[in-house]
Amino acid sequence: NFTSMEDTNKPDYQIGAQIGSIQADFAAQFSPDAEIILLGKVTDIISELLAGKMDGAYMAMETAQAYQSTYPEIAIVLDVPNDFAGTCAGVVKDNPALLAAVNLAIESALADGSMAQFKAEAMELATGNIYEGLLDADGNTQ
């Protein structure tokens, strides 16, 4: 149904986004005439999409790709135009020592490849395909 951003802006569509996210801002900007459904967790958005209760959703590309790898019935159809370069870390103002330490840790993780590994592991965990704690591989408690 969505071949352009304009296609998402119809009153008969229900479009999801996470509360308080940049994607919620995108939904308001690009789909103001649609019924915007704001939910607290991306997992809830995915559940609503899979159940057919929403026509589409705004989410970060990497998040969408991770869920698509688990749920092939989810299609990524549009790339939202934006100027955002990625995720950031925030520190309290007037704390140059902490800022320097955070920047050093980020630079180090980018240089040695561990940032990519952290990101890949986080995306895999987000899909729900990894069982930890007291669950076995079948999802049963031990």
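Residues numbered from 1 in each chain as written. Predicted model: local features only at pLDDT ≥ 70, side-chain atom pairs only at ≥ 80, totals over all residues. Heavy atoms only, no water.

(A) Summary view of the sheet that holds strand 1 (residues 14-18). Taken together, 3 strands build an open sheet; the order of strands is 2-1-3 and the sheet is parallel. At either end of the open sheet lies a strand with only one pairing partner, and these are strand 2 (35-39) and strand 3 (56-57). One ladder, built from 5 bridges, connects strand 1 with strand 2; its direction is parallel. In the strand pairing of strand 2, Gly-16 is matched with Ile-37. (Pairing = 2+ DSSP bridges. Helix = DSSP H or I, 4+ residues; strand = E, 2+ residues; numbered from the N terminus.)

(B) Structural context of the packing of aromatic side chains. Applying the stated criterion across every chain yields a total of 2 aromatic pairs. Ring geometry for Phe-2 against Tyr-13: centres 5.1 Å apart, planes inclined by 70°, an arrangement best described as edge-to-face. On the criterion of sequence distance, the pair formed by Phe-2 in the segment before strand 1 and Tyr-13 in the segment before strand 1 is long-range, its members being 11 residues apart. An identical accessibility class is assigned to Phe-2 and Tyr-13; each is buried. Between Phe-26 and Phe-30, the ring centres sit 6.2 Å apart and the planes meet at 50°, which makes this aromatic pair tilted. Of this pair, Phe-26 and Phe-30 both sit in helix 1 (residues 22-30), 4 residues apart, which is roughly one turn of that helix. Accessibility expressed as a relative area gives 9% for Phe-26, which makes it buried. Relative accessible area serves as the criterion here: at 17%, Phe-30 is assigned to the buried category. (Phe/Tyr/Trp six-rings, centres within 6.5 Å; stacked < 30°, edge-to-face > 60°. Buried < 20%, exposed > 50% of the residue type's maximum accessible area, 1.4 Å probe, protein only.)

(C) Local environment of the nonpolar core. In terms of nonpolar packing, the biggest core is built from 12 residues, these being Phe-2, Met-5, Tyr-13, Ile-15, Ala-17, Ala-24, Phe-26, Ala-27, Phe-30, Ala-34, Tyr-58 and Val-80. Where this core is concerned, the elements lending two or more residues are strand 1 and helix 1. Among the elements that take part in this core, helix 1 stands out by supplying 4 residues, more than any other. Discounting residues that sit within four places of it in the chain, Ala-34 has contacts with Thr-8, Asn-9, Lys-10, Pro-11, Tyr-13 and Ile-15. (Core = buried A, V, L, I, M, F, W, Y, C linked by side-chain atoms within 4.5 Å. Contact = heavy atoms within 4.5 Å.)

(D) Looking closely at the pairing of strand 1. This β-α-β element, strand 1 to helix 1 to strand 2, shows right-handed connectivity. Bridging between strand 1 and strand 3 involves 2 bridges; their strand directions are parallel. Bridging from a neighbouring strand, Ile-15 pairs with Gly-56 of strand 3. (Right-handed = clockwise from strand over helix to strand, strands pointing away.)

(E) Focus on unusual backbone geometry. Although it is not a glycine, Asp-94 adopts a positive phi angle of roughly 60°. With respect to the element layout, Asp-94 can be found in the loop between helix 3 (61-70) and helix 4 (96-112). Judged by relative accessible area, which is 80%, Asp-94 ranks as exposed.

(F) Spotlight on the pattern of salt bridges. Throughout the structure, instances matching the rule amount to 1 salt bridge. Ionic pairing is found between Glu-62 and Lys-119, a salt bridge with its closest N-O pair at 2.9 Å. Of the two residues, Glu-62 sits in helix 3 while Lys-119 sits in helix 5 (residues 114-127), which places them 57 residues apart along the sequence. A relative accessible area of 41% places Lys-119 in the partly exposed class. (Salt bridge = Lys/Arg side-chain N within 4 Å of Asp/Glu carboxyl O.)

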